[in-house]
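Inside the fold
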Amino acid sequence: MSIGPIVYLTTPSDTSTSQIAPVGTMRAYNHSTYGHQIYKSVKCGEAGVTEGIAVSYKSGTLTDEVVLPAGTNEPNYLVAGIAQNAIANASYGWVLVSGEGVGMATGTTSAEAALATSGAAGKITGTTPGAVEHCIFGSIVTGASADALARVRVRGLI
C-alpha cells in the first residue's frame, strides 16, 4: 500500500468567508521560525478570533464544524487548535494542531509548563499536572507576560 504525498499549505494565514478547503482538512507547513507545523481547516462561529487564541468545537461535539474561543480548562479532545492569525466571525481559516507556534497568555506563563486553556476567551495558561491532565494539549516553550504571545508546542490535536 502506498501513502500519498504530504500536502503543504502555501499561506496558512489565508481566511475567507467562502470555504477554503473542506472543514477538517489537514495541511503541513514549514515555518521559517517554528519549523514543521500541521494545520486544520475550520469555520469560526459566533465570534471571530485573534492570533494566539485557542478554539474548541461548538456545543462540545467532535463532529461540529464550527469553532469558538475555548473555555476554562477545556478538555484537550475538544480543543480544535490555536489560531496563528485572526479569523473573522463566520469565516474559514486554519488553526495549528501540531508543532510550534504562538498562544496568547492569560497571565504570566513559564517555559516548560504544561499547556492548557485558561477560560479567558481562548487564552492559554501554563499548568502543572494535577486535576487537569485531561486539559493539557502541549507545552510552553518560551513564557510570556499576561496578554502577550508565548511560544507553544501543540501536541497532535488531530
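Just above, that's the structure.
Residues numbered from 1 in each chain as written. Predicted model: local features only at pLDDT ≥ 70, side-chain atom pairs only at ≥ 80, totals over all residues. Heavy atoms only, no water.

Scanning the protein from N- to C-terminus turns up zero helices and 10 strands. On C-alpha atoms alone, the protein measures out to a radius of gyration of 15 Å, which is about the 15 Å that the 2.2 N^0.38 rule sets for 158 residues. Expressed as lengths along the three principal axes of its C-alpha atoms, the size of the protein is roughly 40 × 35 × 30 Å. Looking at the protein as a whole, 45% of its 158 residues qualify as buried. The long-range fraction of contacts in the protein, counting pairs at least 24 apart against all pairs at least 6 apart in sequence, stands at 57%. Of the roughly 7300 Å² that the protein leaves accessible, carbon and sulfur atoms contribute 51%. Separation between the mean location of the 8 positive side-chain charges and that of the 10 negative ones in the protein comes to 4 Å. (Helix = DSSP H or I, 4+ residues; strand = E, 2+ residues; numbered from the N terminus. Rg over C-alpha atoms; globule rule 2.2 N^0.38 Å. Buried < 20%, exposed > 50% of the residue type's maximum accessible area, 1.4 Å probe, protein only. Contact = heavy atoms within 4.5 Å. Areas by Shrake-Rupley, 256 points an atom, 1.4 Å probe, with all protein chains shown as cover. Lys, Arg positive; Asp, Glu negative; His and termini not counted. Charge placed at Lys NZ, Arg CZ, Asp CG, Glu CD.)

Turning to unusual backbone geometry, a few remarks are in order. Of note in this structure, Asn73 is not a glycine but carries a positive phi near 40°. With respect to the helices and strands, Asn73 occurs in the loop between β4 (66-69) and β5 (79-83). Residue classification places Asn73 among the partly exposed residues on the basis of a relative accessible area of 32%. Not every positive phi belongs to a glycine, and Glu112 is a case in point at roughly 75°. Relative to the helices and strands, Glu112 resides in the loop between β6 (92-104) and β7 (114-117). For Glu112, a relative accessible area of 76% puts it in the exposed group.

Below, the discussion takes up the packing of aromatic side chains. For the structure shown, the criterion picks out one aromatic pair. On the numbers, 6.4 Å between centres and 80° between planes, the contact of Tyr29 with Tyr39 is edge-to-face. Pair noted here: Tyr29 is in strand β1 (residues 26-31) and Tyr39 is in strand β2 (residues 35-44), with a separation of 10 residues, a long-range link. Residue classification places Tyr39 among the buried residues on the basis of a relative accessible area of 2%. (Phe/Tyr/Trp six-rings, centres within 6.5 Å; stacked < 30°, edge-to-face > 60°.)

Right, let's get into the pattern of salt bridges. Counting across every chain of the model gives three salt bridges. Glu100 is the partner of Arg153 in a salt bridge, and the nearest nitrogen-oxygen pair spans 2.6 Å. Of this pair, Arg153 sits in strand β10 (residues 149-154) while Glu100 sits in strand β6, and the two are 53 residues apart along the sequence. You can call Arg153 partly exposed: its relative accessible area is 31%. The buried category is assigned to Glu100, whose relative accessible area is 13%. By sharing partners, the salt bridges in this structure join Glu100, Arg151 and Arg153 into a single network. (Salt bridge = Lys/Arg side-chain N within 4 Å of Asp/Glu carboxyl O.)

The next subject is the side chain of Gln84. Locating Gln84 in the fold gives a position in the loop between β5 and β6. Side-chain polar atoms of Gln84 contact the backbone oxygen of Ile82, separated by 3.4 Å. Within the structure, the side chain of Gln84 is placed 2.9 Å from the backbone nitrogen of Val102, a separation counted as a polar contact. The contacts of Gln84, once residues within four sequence positions are left out, are Tyr39, Glu51, Leu96, Gly101 and Val102. (Polar contact = N/O pair within 3.5 Å; in protein donor to acceptor, adjacent residues only side chain to side chain.)

Counting residues in each nonpolar core, the largest one holds 33 residues, and the members touching the most others are Ile82, Ile124, Phe137 and Val152. When contributions to this core are tallied by element, the ones reaching two or more residues are β2, β3 (54-57), β5, β6 and β10. For this core, the element with the highest residue contribution is β6, accounting for five residues. Apart from residues no more than four positions distant in its own chain, Val152 is found in contact with Ile82, Gly99, Glu100, Gly101, Val102, Gly103, Leu115, Ile124, Ser139, Ile140 and Val141. (Core = buried A, V, L, I, M, F, W, Y, C linked by side-chain atoms within 4.5 Å.)

By themselves, these are just geometric observations and shouldn't be taken as functional.
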